[in-house]
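Given next are the chains, with one letter for each unit.
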Amino acid sequence: MSDAATERTPVDVAVGVLIERDAAGNEGRFLLTSRPEGKVYAGYWEFPGGKLEAGESVHQALARELHEELGIMIGESHAWRELVMDYPHARVRLHFCKVFDWQGEFQMREQQAMAWEQLPVTSQPVLPGTIPVLQWFAEERGHPGATHRG
């Protein structure tokens, strides 16, 4: 008998990890947004993004989603890591992309909140699929201890 979770085909999701850089090019604060009311996990903090539509590349989906949700236009995105998450409502393959270049003023078009964060993240609660990303940041940045509250 096979596990039901493995039978669910994952939905591909492009996720933008927007990161500020200092004058020396070192990575600094990163953007988290809250999930809007009416969506599963409303109020949880995550990296913004959304599902790939038919025929879209990860970058195309990311550019579209960040424009729709945040009102910004991104430049290049850099494929970083992938992660499959099993949520009760869906199995998703998250394609995390670092983004250092964007234009426009941030507009919370879904009435979500936004926060520029560092480790440890103070916004809470954090979406389960976000926690591994915070751990990857900790590894890359040599950050000991907790990555988030709770």
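Our subject in this report is the structure included herewith. As a convention, each chain's residues are numbered from 1 in the sequence order in which they are written. Where local features are concerned, this predicted model is filtered to residues with pLDDT of at least 70; where side-chain atom pairs are given and counted, the filter is 80 or more; whole-chain, interface and lining totals use all residues. As a convention, hydrogens and water are excluded, and side-chain values are obtained from all of the structure's heavy atoms.

1. Some thoughts on the layout of surface pockets
Here is step 1: Here the largest pocket is characterised by a volume of approximately 580 Å³.
Here is step 2: Helix and strand definitions follow DSSP, with helices as H or I runs of at least four residues and strands as E runs of at least two, each counted in order from the N terminus. Counting only elements with at least two residues in the lining of the largest pocket, the list comes to β1 (11-21), β2 (27-34), β4 (49-51), α2 (58-70) and β7 (91-99). The way it works is a 1 Å grid over only the protein atoms, where trapped points that fit a 1.4 Å probe form a cavity and open points with protein on both sides within 12 Å along at least five of seven lines form a pocket, and then any residue with an atom within 4 Å of a point lines it. Grid points are joined across faces, edges and corners, and a volume is the space filled by probe spheres set on the points.

2. Concerning the nonpolar core
Buried together is how nonpolar side chains tend to be arranged in soluble globular proteins.
Here is step 1: In this description, a nonpolar core means a group of buried Ala, Val, Leu, Ile, Met, Phe, Trp, Tyr and Cys residues linked to one another through side-chain atoms lying within 4.5 Å. Accessible area is worked out with a 1.4 Å probe on protein chains only. A residue is then buried under 20% of its type maximum, exposed over 50%, and partly exposed in between. If you look at the biggest cluster of nonpolar residues, it comprises 27 residues, and the most contacted ones within it are F30, F47, F96 and F137.
Here is step 2: When residues of this core are traced back to their parent elements, those giving at least two are β1, β2, β6 (77-86), β7 and α3 (131-141).
Here is step 3: No other element matches α3, which puts five residues into this core.
Here is step 4: Contact partners of F47, with chain neighbours within four places excluded, come to V15, G16, V17, F30, L31, L32, T130, V133, L134 and F137.
Here is step 5: The next biggest cluster of nonpolar side chains, apart from the first, holds 12 residues, and it includes A61, L62, L66 and W102. A contact between two residues is defined here by any heavy atoms of the two lying within 4.5 Å.

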